[in-house]
Amino acid sequence: MADDRTFFNEMLDDAGGARSPYSRLATWLEDKPANFLTKKSRDAEMVFRRLGITFAVYGAQEATERLIPFDPIPRIISASEWRRLSAGIDQRVRALNAFMHDIYHRQEILRAGRIPADLILQNEAFLPEMAGFTPARKVYAHIIGTDLVRVSENEFYVLEDNTRTPSGVSYMMENRETMMRLFPELFQTHRVAPVEQYPELLRRTLESVAPDPSKSAQTIVLLTPGIYNSAYFEHAFLADSMGVELVEGRDLFVDAGKVFMRTTREPEQVDVIYRRIDDAFLDPLTFNPESMLGVPGLFDAYRAGNVTICNAPGTGIADDKAIYAYVPDIIEFYTGQKPILKNVPTWNCSRADDLAYVLDNLEKIVVKEVHGSGGYGMLIGPTASKREIAEFRKVLEATPSNYIAQPTLALSACPTHVASGVAPRHVDLRPFVLIGDQVRITPGGLTRVALKKGSLVVNSSQGGGTKDTWVLED
(Lines give C-alpha, C1' and ligand atoms only; values in the text may rest on other atoms or scores of the structure.)
Protein backbone atom coordinates (compact mmCIF):
# COMPACT_ATOMS: atom_id res chain seq x y z
CA MET A 1 0.00 0.00 0.00
CA ALA A 2 1.38 3.39 -0.96
CA ASP A 3 2.13 5.91 1.76
CA ASP A 4 -0.43 8.72 1.36
CA ARG A 5 2.17 11.21 2.61
CA THR A 6 4.76 10.51 -0.05
CA PHE A 7 2.99 10.15 -3.41
CA PHE A 8 2.91 12.98 -5.94
CA ASN A 9 -0.54 14.57 -6.24
CA GLU A 10 -0.94 15.60 -9.87
CA MET A 11 -3.70 18.14 -9.17
CA LEU A 12 -2.68 19.71 -5.84
CA ASP A 13 0.66 21.17 -4.77
CA ASP A 14 2.09 20.88 -1.24
CA ALA A 15 0.15 23.95 -0.11
CA GLY A 16 -3.16 22.48 -1.30
CA GLY A 17 -3.50 24.76 -4.31
CA ALA A 18 -4.29 23.51 -7.80
CA ARG A 19 -1.34 23.04 -10.15
CA SER A 20 -1.52 25.06 -13.35
CA PRO A 21 -2.92 22.36 -15.72
CA TYR A 22 -5.71 21.60 -13.24
CA SER A 23 -6.60 25.16 -12.17
CA ARG A 24 -9.83 25.46 -14.20
CA LEU A 25 -10.91 21.91 -13.45
CA ALA A 26 -10.40 22.45 -9.69
CA THR A 27 -12.60 25.55 -9.78
CA TRP A 28 -15.24 23.67 -11.78
CA LEU A 29 -15.27 20.79 -9.28
CA GLU A 30 -15.67 23.13 -6.32
CA ASP A 31 -18.81 24.62 -7.85
CA LYS A 32 -20.59 21.29 -8.30
CA PRO A 33 -23.14 19.86 -5.82
CA ALA A 34 -22.25 16.73 -3.85
CA ASN A 35 -24.25 14.29 -5.98
CA PHE A 36 -23.28 15.74 -9.36
CA LEU A 37 -20.46 13.30 -10.14
CA THR A 38 -22.47 10.35 -8.83
CA LYS A 39 -25.22 11.10 -11.32
CA LYS A 40 -22.74 11.60 -14.16
CA SER A 41 -21.04 8.29 -13.30
CA ARG A 42 -24.37 6.52 -13.61
CA ASP A 43 -24.96 8.23 -16.97
CA ALA A 44 -21.56 7.03 -18.17
CA GLU A 45 -22.27 3.49 -17.02
CA MET A 46 -25.52 3.50 -19.00
CA VAL A 47 -23.62 4.62 -22.11
CA PHE A 48 -20.99 1.91 -21.71
CA ARG A 49 -23.61 -0.76 -21.05
CA ARG A 50 -25.59 0.25 -24.13
CA LEU A 51 -22.48 0.16 -26.31
CA GLY A 52 -21.41 -3.18 -24.86
CA ILE A 53 -18.01 -1.92 -23.68
CA THR A 54 -16.98 -4.92 -21.62
CA PHE A 55 -14.02 -7.18 -21.01
CA ALA A 56 -13.81 -10.82 -19.99
CA VAL A 57 -12.18 -12.05 -16.80
CA TYR A 58 -10.81 -15.54 -17.26
CA GLY A 59 -11.30 -17.91 -14.35
CA ALA A 60 -13.74 -15.63 -12.55
CA GLN A 61 -16.47 -17.29 -10.53
CA GLU A 62 -19.02 -14.63 -11.39
CA ALA A 63 -20.19 -13.46 -14.82
CA THR A 64 -17.27 -13.38 -17.23
CA GLU A 65 -18.28 -10.10 -18.89
CA ARG A 66 -17.75 -6.90 -16.88
CA LEU A 67 -17.92 -3.19 -17.48
CA ILE A 68 -14.63 -1.44 -16.86
CA PRO A 69 -15.26 1.18 -14.16
CA PHE A 70 -14.99 4.68 -15.61
CA ASP A 71 -13.98 7.71 -13.56
CA PRO A 72 -15.50 10.98 -14.81
CA ILE A 73 -12.67 13.24 -13.59
CA PRO A 74 -10.04 13.59 -16.35
CA ARG A 75 -6.33 13.29 -15.89
CA ILE A 76 -4.58 16.37 -17.30
CA ILE A 77 -1.08 16.59 -18.79
CA SER A 78 0.40 19.92 -19.83
CA ALA A 79 1.77 20.53 -23.32
CA SER A 80 5.35 20.82 -22.04
CA GLU A 81 5.09 17.57 -20.08
CA TRP A 82 3.71 15.79 -23.14
CA ARG A 83 6.51 17.06 -25.39
CA ARG A 84 9.08 15.44 -23.12
CA LEU A 85 7.11 12.20 -22.87
CA SER A 86 6.62 12.08 -26.64
CA ALA A 87 10.35 12.53 -27.28
CA GLY A 88 11.16 9.71 -24.87
CA ILE A 89 8.55 7.38 -26.34
CA ASP A 90 9.69 8.11 -29.91
CA GLN A 91 13.30 7.35 -28.96
CA ARG A 92 12.27 4.12 -27.24
CA VAL A 93 10.08 2.62 -29.99
CA ARG A 94 12.66 3.34 -32.68
CA ALA A 95 15.37 1.64 -30.61
CA LEU A 96 13.17 -1.40 -29.90
CA ASN A 97 12.46 -1.89 -33.61
CA ALA A 98 16.17 -1.58 -34.40
CA PHE A 99 16.87 -4.14 -31.67
CA MET A 100 14.40 -6.63 -33.16
CA HIS A 101 15.90 -6.24 -36.62
CA ASP A 102 19.37 -6.83 -35.21
CA ILE A 103 18.61 -9.95 -33.16
CA TYR A 104 16.86 -11.57 -36.11
CA HIS A 105 19.86 -10.75 -38.35
CA ARG A 106 23.49 -10.00 -37.41
CA GLN A 107 22.96 -9.92 -33.61
CA GLU A 108 25.52 -7.14 -33.19
CA ILE A 109 24.27 -6.30 -29.69
CA LEU A 110 24.98 -9.86 -28.59
CA ARG A 111 28.43 -9.84 -30.20
CA ALA A 112 29.16 -6.61 -28.34
CA GLY A 113 28.25 -8.29 -25.05
CA ARG A 114 25.60 -5.72 -24.16
CA ILE A 115 22.99 -8.45 -23.57
CA PRO A 116 23.72 -12.09 -22.60
CA ALA A 117 23.15 -14.23 -25.70
CA ASP A 118 21.27 -16.98 -23.86
CA LEU A 119 18.79 -14.39 -22.56
CA ILE A 120 17.73 -13.91 -26.18
CA LEU A 121 18.38 -17.25 -27.86
CA GLN A 122 16.89 -19.37 -25.05
CA ASN A 123 13.92 -17.05 -24.57
CA GLU A 124 10.55 -18.53 -25.52
CA ALA A 125 9.53 -15.18 -27.03
CA PHE A 126 12.40 -15.36 -29.55
CA LEU A 127 11.23 -16.91 -32.82
CA PRO A 128 14.04 -18.58 -34.80
CA GLU A 129 11.59 -18.74 -37.73
CA MET A 130 11.98 -14.95 -38.09
CA ALA A 131 15.77 -15.14 -38.53
CA GLY A 132 16.97 -13.51 -41.73
CA PHE A 133 13.57 -12.06 -42.65
CA THR A 134 13.11 -8.30 -43.00
CA PRO A 135 9.54 -6.97 -42.81
CA ALA A 136 8.39 -3.92 -44.75
CA ARG A 137 10.26 -0.74 -43.76
CA LYS A 138 12.17 -2.85 -41.17
CA VAL A 139 9.29 -2.31 -38.78
CA TYR A 140 8.46 -5.20 -36.47
CA ALA A 141 6.20 -3.61 -33.86
CA HIS A 142 3.74 -1.31 -35.63
CA ILE A 143 1.45 -0.75 -32.63
CA ILE A 144 3.07 -0.31 -29.22
CA GLY A 145 1.55 0.52 -25.84
CA THR A 146 4.20 2.06 -23.56
CA ASP A 147 3.19 1.86 -19.89
CA LEU A 148 4.36 4.89 -17.89
CA VAL A 149 4.18 5.85 -14.23
CA ARG A 150 4.91 9.16 -12.60
CA VAL A 151 6.56 9.57 -9.20
CA SER A 152 7.22 13.32 -8.99
CA GLU A 153 6.61 16.54 -10.88
CA ASN A 154 9.35 15.89 -13.42
CA GLU A 155 10.05 12.17 -13.01
CA PHE A 156 8.42 9.49 -15.17
CA TYR A 157 9.38 5.83 -15.52
CA VAL A 158 8.58 3.29 -18.23
CA LEU A 159 7.03 0.30 -16.50
CA GLU A 160 6.92 -1.93 -19.56
CA ASP A 161 6.76 -1.96 -23.35
CA ASN A 162 3.84 -3.78 -24.96
CA THR A 163 5.08 -4.77 -28.41
CA ARG A 164 2.92 -7.85 -29.11
CA THR A 165 -0.79 -7.00 -29.32
CA PRO A 166 -1.38 -4.06 -26.94
CA SER A 167 -5.01 -3.45 -26.02
CA GLY A 168 -7.03 -0.62 -24.49
CA VAL A 169 -7.15 1.96 -27.28
CA SER A 170 -10.92 1.52 -27.75
CA TYR A 171 -11.44 2.47 -24.10
CA MET A 172 -9.31 5.57 -24.64
CA MET A 173 -11.57 6.62 -27.50
CA GLU A 174 -14.86 5.76 -25.82
CA ASN A 175 -13.74 7.55 -22.64
CA ARG A 176 -13.20 10.72 -24.67
CA GLU A 177 -16.53 10.45 -26.47
CA THR A 178 -18.33 9.88 -23.17
CA MET A 179 -16.61 12.86 -21.54
CA MET A 180 -17.56 15.13 -24.44
CA ARG A 181 -21.15 13.98 -24.07
CA LEU A 182 -21.26 14.42 -20.28
CA PHE A 183 -19.20 17.60 -19.86
CA PRO A 184 -19.23 19.69 -23.07
CA GLU A 185 -18.62 22.84 -21.01
CA LEU A 186 -15.20 21.55 -19.89
CA PHE A 187 -14.03 21.21 -23.48
CA GLN A 188 -14.99 24.84 -24.08
CA THR A 189 -12.62 25.99 -21.32
CA HIS A 190 -9.74 23.59 -22.09
CA ARG A 191 -7.84 23.14 -25.36
CA VAL A 192 -7.63 19.36 -25.32
CA ALA A 193 -5.62 17.56 -28.02
CA PRO A 194 -7.94 15.21 -29.98
CA VAL A 195 -7.70 11.41 -30.02
CA GLU A 196 -10.57 10.56 -32.38
CA GLN A 197 -8.22 10.42 -35.40
CA TYR A 198 -6.56 7.24 -34.08
CA PRO A 199 -8.42 4.77 -36.38
CA GLU A 200 -7.54 6.84 -39.45
CA LEU A 201 -3.89 7.04 -38.37
CA LEU A 202 -3.87 3.30 -37.65
CA ARG A 203 -5.20 2.56 -41.11
CA ARG A 204 -2.67 4.92 -42.68
CA THR A 205 0.12 3.18 -40.75
CA LEU A 206 -1.02 -0.27 -41.86
CA GLU A 207 -1.29 0.84 -45.49
CA SER A 208 2.25 2.23 -45.35
CA VAL A 209 3.73 -1.21 -44.56
CA ALA A 210 1.82 -3.17 -47.20
CA PRO A 211 3.96 -5.35 -49.52
CA ASP A 212 3.25 -2.87 -52.31
CA PRO A 213 2.44 0.50 -50.66
CA SER A 214 1.99 2.13 -54.08
CA LYS A 215 -1.09 0.00 -54.74
CA SER A 216 -4.14 2.27 -55.02
CA ALA A 217 -6.37 0.26 -52.66
CA GLN A 218 -4.98 -1.95 -49.92
CA THR A 219 -7.06 -4.78 -48.45
CA ILE A 220 -6.59 -4.76 -44.69
CA VAL A 221 -8.21 -7.18 -42.25
CA LEU A 222 -8.24 -7.42 -38.47
CA LEU A 223 -7.69 -11.02 -37.38
CA THR A 224 -9.48 -11.86 -34.10
CA PRO A 225 -9.61 -15.08 -32.07
CA GLY A 226 -13.40 -14.61 -31.91
CA ILE A 227 -16.19 -13.43 -29.67
CA TYR A 228 -14.90 -15.18 -26.55
CA ASN A 229 -11.67 -13.21 -26.44
CA SER A 230 -11.45 -10.67 -23.60
CA ALA A 231 -10.75 -7.80 -26.04
CA TYR A 232 -13.30 -8.75 -28.71
CA PHE A 233 -15.19 -5.48 -28.26
CA GLU A 234 -12.01 -3.62 -29.16
CA HIS A 235 -11.37 -5.81 -32.20
CA ALA A 236 -14.85 -5.09 -33.55
CA PHE A 237 -14.60 -1.41 -32.63
CA LEU A 238 -11.30 -0.88 -34.46
CA ALA A 239 -12.32 -2.84 -37.56
CA ASP A 240 -15.52 -0.82 -37.82
CA SER A 241 -13.73 2.49 -37.16
CA MET A 242 -11.09 1.79 -39.82
CA GLY A 243 -13.63 0.45 -42.32
CA VAL A 244 -11.91 -2.93 -42.65
CA GLU A 245 -13.14 -6.50 -42.33
CA LEU A 246 -13.08 -8.26 -38.98
CA VAL A 247 -12.09 -11.85 -39.72
CA GLU A 248 -11.33 -15.11 -37.97
CA GLY A 249 -8.81 -17.67 -39.19
CA ARG A 250 -11.48 -19.66 -41.04
CA ASP A 251 -12.29 -16.58 -43.16
CA LEU A 252 -8.81 -16.61 -44.71
CA PHE A 253 -6.89 -19.14 -46.80
CA VAL A 254 -3.54 -19.35 -48.59
CA ASP A 255 -3.27 -20.18 -52.27
CA ALA A 256 -0.07 -20.06 -54.35
CA GLY A 257 1.76 -18.26 -51.53
CA LYS A 258 -0.81 -15.49 -51.20
CA VAL A 259 -3.47 -14.85 -48.57
CA PHE A 260 -7.11 -14.52 -49.58
CA MET A 261 -10.31 -13.62 -47.78
CA ARG A 262 -13.50 -15.51 -48.47
CA THR A 263 -16.32 -13.24 -49.59
CA THR A 264 -19.85 -13.70 -50.92
CA ARG A 265 -18.39 -13.11 -54.38
CA GLU A 266 -14.87 -14.14 -55.40
CA PRO A 267 -11.90 -14.43 -52.98
CA GLU A 268 -10.08 -11.15 -52.31
CA GLN A 269 -6.32 -10.98 -51.82
CA VAL A 270 -5.27 -9.59 -48.43
CA ASP A 271 -2.37 -7.15 -48.21
CA VAL A 272 -2.13 -6.45 -44.46
CA ILE A 273 -3.28 -8.46 -41.45
CA TYR A 274 -3.61 -6.59 -38.15
CA ARG A 275 -3.52 -9.65 -35.96
CA ARG A 276 -4.87 -9.78 -32.42
CA ILE A 277 -3.93 -13.40 -31.78
CA ASP A 278 -0.72 -14.73 -30.24
CA ASP A 279 2.25 -16.00 -32.25
CA ALA A 280 1.66 -19.63 -31.34
CA PHE A 281 -1.79 -19.65 -32.93
CA LEU A 282 -1.04 -17.78 -36.17
CA ASP A 283 -0.26 -20.76 -38.37
CA PRO A 284 -0.72 -24.43 -37.40
CA LEU A 285 1.77 -25.51 -40.08
CA THR A 286 4.59 -23.43 -38.54
CA PHE A 287 3.70 -23.00 -34.88
CA ASN A 288 1.13 -24.79 -32.68
CA PRO A 289 -0.26 -27.62 -34.86
CA GLU A 290 -3.43 -27.75 -32.75
CA SER A 291 -4.35 -24.12 -33.39
CA MET A 292 -7.86 -23.59 -34.73
CA LEU A 293 -7.48 -19.79 -34.70
CA GLY A 294 -4.84 -19.24 -37.37
CA VAL A 295 -4.41 -19.74 -41.10
CA PRO A 296 -2.48 -22.75 -42.49
CA GLY A 297 0.40 -21.51 -44.66
CA LEU A 298 0.18 -17.89 -43.43
CA PHE A 299 3.76 -17.70 -42.19
CA ASP A 300 5.20 -18.92 -45.50
CA ALA A 301 3.14 -16.29 -47.35
CA TYR A 302 4.49 -13.69 -44.92
CA ARG A 303 8.11 -14.80 -45.39
CA ALA A 304 7.59 -14.67 -49.16
CA GLY A 305 6.69 -10.98 -48.83
CA ASN A 306 3.13 -11.41 -50.10
CA VAL A 307 1.36 -10.16 -46.97
CA THR A 308 2.30 -8.02 -43.97
CA ILE A 309 1.47 -9.14 -40.43
CA CYS A 310 1.17 -6.40 -37.81
CA ASN A 311 2.69 -6.74 -35.29
CA ALA A 312 5.27 -9.11 -36.72
CA PRO A 313 5.67 -12.57 -35.21
CA GLY A 314 8.49 -12.60 -32.67
CA THR A 315 7.97 -9.08 -31.34
CA GLY A 316 7.37 -10.46 -27.84
CA ILE A 317 11.13 -10.61 -27.34
CA ALA A 318 11.18 -6.79 -27.03
CA ASP A 319 8.62 -6.61 -24.19
CA ASP A 320 9.84 -9.66 -22.30
CA LYS A 321 10.32 -8.63 -18.67
CA ALA A 322 13.77 -10.24 -18.56
CA ILE A 323 14.83 -8.03 -21.49
CA TYR A 324 13.28 -4.92 -19.93
CA ALA A 325 16.29 -4.30 -17.68
CA TYR A 326 18.49 -4.00 -20.78
CA VAL A 327 16.35 -1.44 -22.65
CA PRO A 328 18.56 1.50 -21.56
CA ASP A 329 21.52 -0.36 -23.11
CA ILE A 330 19.43 -1.07 -26.21
CA ILE A 331 18.61 2.63 -26.60
CA GLU A 332 22.26 3.67 -26.23
CA PHE A 333 23.48 0.92 -28.58
CA TYR A 334 21.14 1.79 -31.47
CA THR A 335 20.70 5.56 -31.05
CA GLY A 336 23.97 6.65 -29.44
CA GLN A 337 21.88 8.63 -26.93
CA LYS A 338 21.06 8.34 -23.26
CA PRO A 339 17.45 7.29 -22.60
CA ILE A 340 15.09 10.24 -22.17
CA LEU A 341 12.70 8.14 -20.07
CA LYS A 342 14.00 6.03 -17.20
CA ASN A 343 13.53 2.35 -16.52
CA VAL A 344 12.45 1.17 -13.09
CA PRO A 345 15.48 -0.43 -11.34
CA THR A 346 15.11 -4.19 -11.83
CA TRP A 347 16.53 -7.33 -10.22
CA ASN A 348 16.74 -10.37 -12.48
CA CYS A 349 16.06 -13.38 -10.27
CA SER A 350 18.02 -15.69 -12.59
CA ARG A 351 21.16 -14.05 -11.16
CA ALA A 352 22.25 -15.49 -7.82
CA ASP A 353 23.05 -12.12 -6.21
CA ASP A 354 19.78 -10.56 -7.37
CA LEU A 355 17.79 -13.57 -6.17
CA ALA A 356 19.41 -13.43 -2.73
CA TYR A 357 18.49 -9.75 -2.38
CA VAL A 358 14.92 -10.35 -3.54
CA LEU A 359 14.38 -13.26 -1.14
CA ASP A 360 15.65 -11.11 1.74
CA ASN A 361 13.33 -8.21 0.86
CA LEU A 362 10.09 -9.79 -0.41
CA GLU A 363 7.96 -7.73 1.96
CA LYS A 364 9.30 -4.47 0.47
CA ILE A 365 9.33 -5.05 -3.29
CA VAL A 366 7.22 -6.10 -6.28
CA VAL A 367 7.96 -9.45 -7.94
CA LYS A 368 6.62 -10.14 -11.45
CA GLU A 369 6.41 -13.22 -13.59
CA VAL A 370 8.56 -12.73 -16.70
CA HIS A 371 5.78 -13.79 -19.06
CA GLY A 372 2.87 -12.64 -16.87
CA SER A 373 0.37 -9.89 -17.69
CA GLY A 374 -2.84 -8.33 -16.44
CA GLY A 375 -1.63 -8.15 -12.84
CA TYR A 376 -1.52 -11.94 -12.52
CA GLY A 377 1.45 -13.97 -11.27
CA MET A 378 2.92 -11.14 -9.22
CA LEU A 379 3.57 -10.29 -5.57
CA ILE A 380 3.24 -6.78 -4.16
CA GLY A 381 5.23 -7.23 -1.00
CA PRO A 382 4.01 -4.24 1.06
CA THR A 383 0.35 -5.32 0.68
CA ALA A 384 0.85 -9.10 0.84
CA SER A 385 0.15 -11.22 3.94
CA LYS A 386 2.86 -13.28 5.61
CA ARG A 387 1.23 -16.41 4.23
CA GLU A 388 1.20 -15.04 0.67
CA ILE A 389 4.87 -14.07 0.96
CA ALA A 390 5.79 -17.52 2.29
CA GLU A 391 3.95 -19.26 -0.56
CA PHE A 392 5.47 -16.97 -3.16
CA ARG A 393 8.94 -17.56 -1.71
CA LYS A 394 8.62 -21.30 -2.45
CA VAL A 395 7.59 -20.65 -6.05
CA LEU A 396 10.39 -18.13 -6.54
CA GLU A 397 13.04 -20.48 -5.14
CA ALA A 398 11.82 -23.28 -7.39
CA THR A 399 11.84 -21.26 -10.65
CA PRO A 400 13.85 -18.05 -10.13
CA SER A 401 14.45 -17.50 -13.85
CA ASN A 402 10.71 -16.94 -14.30
CA TYR A 403 10.74 -13.75 -12.22
CA ILE A 404 12.07 -10.23 -11.96
CA ALA A 405 11.65 -7.82 -9.07
CA GLN A 406 11.40 -4.06 -8.73
CA PRO A 407 11.13 -1.53 -5.91
CA THR A 408 7.63 -0.45 -4.91
CA LEU A 409 7.13 2.95 -6.52
CA ALA A 410 4.98 5.67 -5.00
CA LEU A 411 2.79 6.13 -8.08
CA SER A 412 1.34 9.58 -8.61
CA ALA A 413 -2.33 10.11 -7.83
CA CYS A 414 -5.12 11.99 -9.58
CA PRO A 415 -8.47 13.25 -8.28
CA THR A 416 -10.99 10.44 -8.55
CA HIS A 417 -14.69 10.15 -7.83
CA VAL A 418 -15.25 7.79 -4.88
CA ALA A 419 -18.19 7.07 -2.56
CA SER A 420 -17.14 9.82 -0.15
CA GLY A 421 -16.61 12.46 -2.85
CA VAL A 422 -13.31 13.25 -4.61
CA ALA A 423 -10.07 11.67 -3.42
CA PRO A 424 -6.60 10.93 -4.85
CA ARG A 425 -6.10 7.49 -6.39
CA HIS A 426 -2.97 6.03 -7.98
CA VAL A 427 -2.70 5.95 -11.79
CA ASP A 428 -0.54 4.84 -14.68
CA LEU A 429 -0.64 5.75 -18.38
CA ARG A 430 -0.52 3.78 -21.62
CA PRO A 431 0.13 6.01 -24.65
CA PHE A 432 -0.44 4.27 -27.99
CA VAL A 433 2.23 4.54 -30.68
CA LEU A 434 1.95 3.74 -34.39
CA ILE A 435 5.11 2.98 -36.39
CA GLY A 436 5.11 2.70 -40.18
CA ASP A 437 6.21 5.36 -42.65
CA GLN A 438 6.58 7.57 -39.56
CA VAL A 439 6.09 7.44 -35.79
CA ARG A 440 2.67 8.66 -34.69
CA ILE A 441 1.93 9.08 -30.97
CA THR A 442 -1.67 9.67 -29.89
CA PRO A 443 -1.82 12.58 -27.39
CA GLY A 444 -2.47 11.12 -23.95
CA GLY A 445 -3.54 7.51 -24.06
CA LEU A 446 -5.34 5.31 -21.56
CA THR A 447 -5.06 6.25 -17.90
CA ARG A 448 -5.76 3.34 -15.59
CA VAL A 449 -6.66 4.05 -11.98
CA ALA A 450 -6.53 1.91 -8.83
CA LEU A 451 -9.94 2.58 -7.32
CA LYS A 452 -9.22 1.13 -3.88
CA LYS A 453 -7.61 3.53 -1.41
CA GLY A 454 -3.86 2.98 -1.26
CA SER A 455 -3.89 0.26 -3.94
CA LEU A 456 -1.22 0.31 -6.63
CA VAL A 457 -2.88 -2.29 -8.89
CA VAL A 458 -4.52 -0.49 -11.81
CA ASN A 459 -5.33 -3.51 -14.02
CA SER A 460 -9.02 -3.82 -14.95
CA SER A 461 -8.83 -7.56 -14.26
CA GLN A 462 -7.83 -6.69 -10.68
CA GLY A 463 -10.53 -4.09 -10.00
CA GLY A 464 -8.97 -1.02 -11.60
CA GLY A 465 -10.80 1.55 -13.70
CA THR A 466 -10.00 4.05 -16.46
CA LYS A 467 -9.98 7.83 -16.99
CA ASP A 468 -9.97 10.13 -19.96
CA THR A 469 -6.47 11.60 -20.45
CA TRP A 470 -6.23 15.20 -21.54
CA VAL A 471 -3.13 16.65 -23.15
CA LEU A 472 -3.50 20.41 -23.17
CA GLU A 473 -2.40 22.21 -26.30
CA ASP A 474 -0.26 25.34 -26.07
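In this text the structure is predicted, and so the values were computed from the model without any measurement. (Residues numbered from 1 in each chain as written. Predicted model: local features only at pLDDT ≥ 70, side-chain atom pairs only at ≥ 80, totals over all residues. Heavy atoms only, no water.)

K.L.:
Would you mind showing me how to read the pairing of strand β11 (residues 272–275) here?
P.N.:
Here is the key point about a regular strand: its side chains alternate between the two faces of the sheet. Of the two faces of β11, the one lined by Val-272 and Tyr-274 and the one lined by Ile-273 and Arg-275 are each fully buried. Looking at chain direction, strand β6 (residues 220–223) and β11 are connected through 4 bridges and run parallel. Each bridged residue has a counterpart across the sheet, and for Leu-222 the counterpart in β11 is Tyr-274. Taken together, the 3 bridges between β11 and strand β12 (residues 308–310) define a ladder with parallel strand orientation. Looking at the pairing, Val-272 lines up with Thr-308 of β12. (Buried < 20%, exposed > 50% of the residue type's maximum accessible area, 1.4 Å probe, protein only. Helix = DSSP H or I, 4+ residues; strand = E, 2+ residues; numbered from the N terminus. Pairing = 2+ DSSP bridges.)

K.L.:
Would you mind showing me how to read the sheet that holds strand β14 (residues 347–348) here?
P.N.:
Strand-to-strand pairing in sheets goes through backbone hydrogen bonds, with the strands running parallel or antiparallel. Strands sit in the order β14-β17-β15-β16 across an open sheet of 4 strands; the sheet is antiparallel. Of all strands in the sheet, those bounded by a partner on one side alone are β14 and β16 (378–380). Relative to β16, strand β15 (residues 365–369) runs antiparallel, the two being bridged by 3 bridges. Bridge pairing in β16 places Val-367 opposite Leu-379. Strand contacts of helix α14 (residues 386–398): β15, β16 and β17 (403–407), with the helix running at about 140° to β16, the strand carrying the most contacts. (Contact = heavy atoms within 4.5 Å. Axes fitted to C-alpha atoms, helices over the stretch in contact; angles between N-to-C directions.)

K.L.:
Sorry, what's going on with the sheet that holds strand β10 (residues 268–269) here?
P.N.:
On the basis of which strands lie adjacent, the open sheet formed by 3 strands has the order β8-β9-β10 and antiparallel pairing. One side of each edge strand has no neighbouring strand; the edge strands of this open sheet are β8 (252–255) and β10. When β8 meets strand β9 (residues 258–261), the two strands line up antiparallel, connected through 4 bridges. If you follow Val-254 over to β9, its bridge partner there is Val-259.

K.L.:
Explain the packing of aromatic side chains to me, please; I cannot follow it from the model alone.
P.N.:
Aromatic ring pairs: the centre-centre distance and the angle between the two ring planes describe each pair. Summed over the entire model, instances satisfying the criterion amount to 16 aromatic pairs. Consider the rings of Phe-253 and Phe-260, whose centres lie 5.6 Å apart with planes at 20°: the pair is stacked. Note on Phe-260: relative accessible area 18%, which makes it buried. Residues Phe-392 and Tyr-403 carry aromatic rings whose centres are separated by 5.4 Å and whose planes lie at 70° to one another, so their mutual orientation is edge-to-face. One end of the pair, Phe-392, is in helix α14; the other, Tyr-403, is in strand β17, and 11 residues separate them in sequence. Pair check on accessibility: Phe-392 and Tyr-403 agree, each one buried. Taken together through their ring pairs, the aromatic side chains of Phe-133, Phe-287, Phe-299 and Tyr-302 make up a single cluster. It is Lys-32 that lies over the ring of Phe-36; its NZ or CZ is 5.1 Å from the centre. (Phe/Tyr/Trp six-rings, centres within 6.5 Å; stacked < 30°, edge-to-face > 60°. Lys NZ or Arg CZ within 6 Å of the ring centre and 35° of its normal.)

K.L.:
Any chance you could explain the packing of helix α8 (residues 198–208) against helix α9 (residues 232–242) here in plain terms?
P.N.:
What describes two packed helices is the angle between their axes and the distance between those same axes. Packing of α8 against α9 leaves a shortest axis separation of 9 Å and a crossing angle of 80°. Judged by the angle between their axes, α8 and α9 are roughly perpendicular. Only Leu-238, Ser-241 and Met-242 of α9 make contact with α8, whose side of the interface consists of Tyr-198, Pro-199, Leu-202, Arg-203 and Leu-206. Looking at the contact of α8 with α9, its residues break down into 6 nonpolar, 1 polar and 1 charged. (Parallel < 35°, antiparallel > 145°, perpendicular 65-115°, else oblique. Nonpolar A, V, L, I, M, F, W, Y, C, P; charged D, E, K, R; others polar.)

K.L.:
Explain the pairing of strand β5 (residues 155–162) here, please?
P.N.:
Most of β5 is tucked away: 6 of the 8 residues are buried. Where strand β4 (residues 143–152) and β5 come together, 7 bridges link them in antiparallel fashion. Across the sheet, residue Ser-152 finds its bridge partner in β5, namely Glu-155. Between β4 and the antiparallel strand that follows it, β5, lie 2 residues. In the sheet, β5 pairs with strand β13 (residues 342–343) via 2 bridges, with the strands oriented parallel. Following the sheet pairing, Tyr-157 is matched in β13 by Lys-342.

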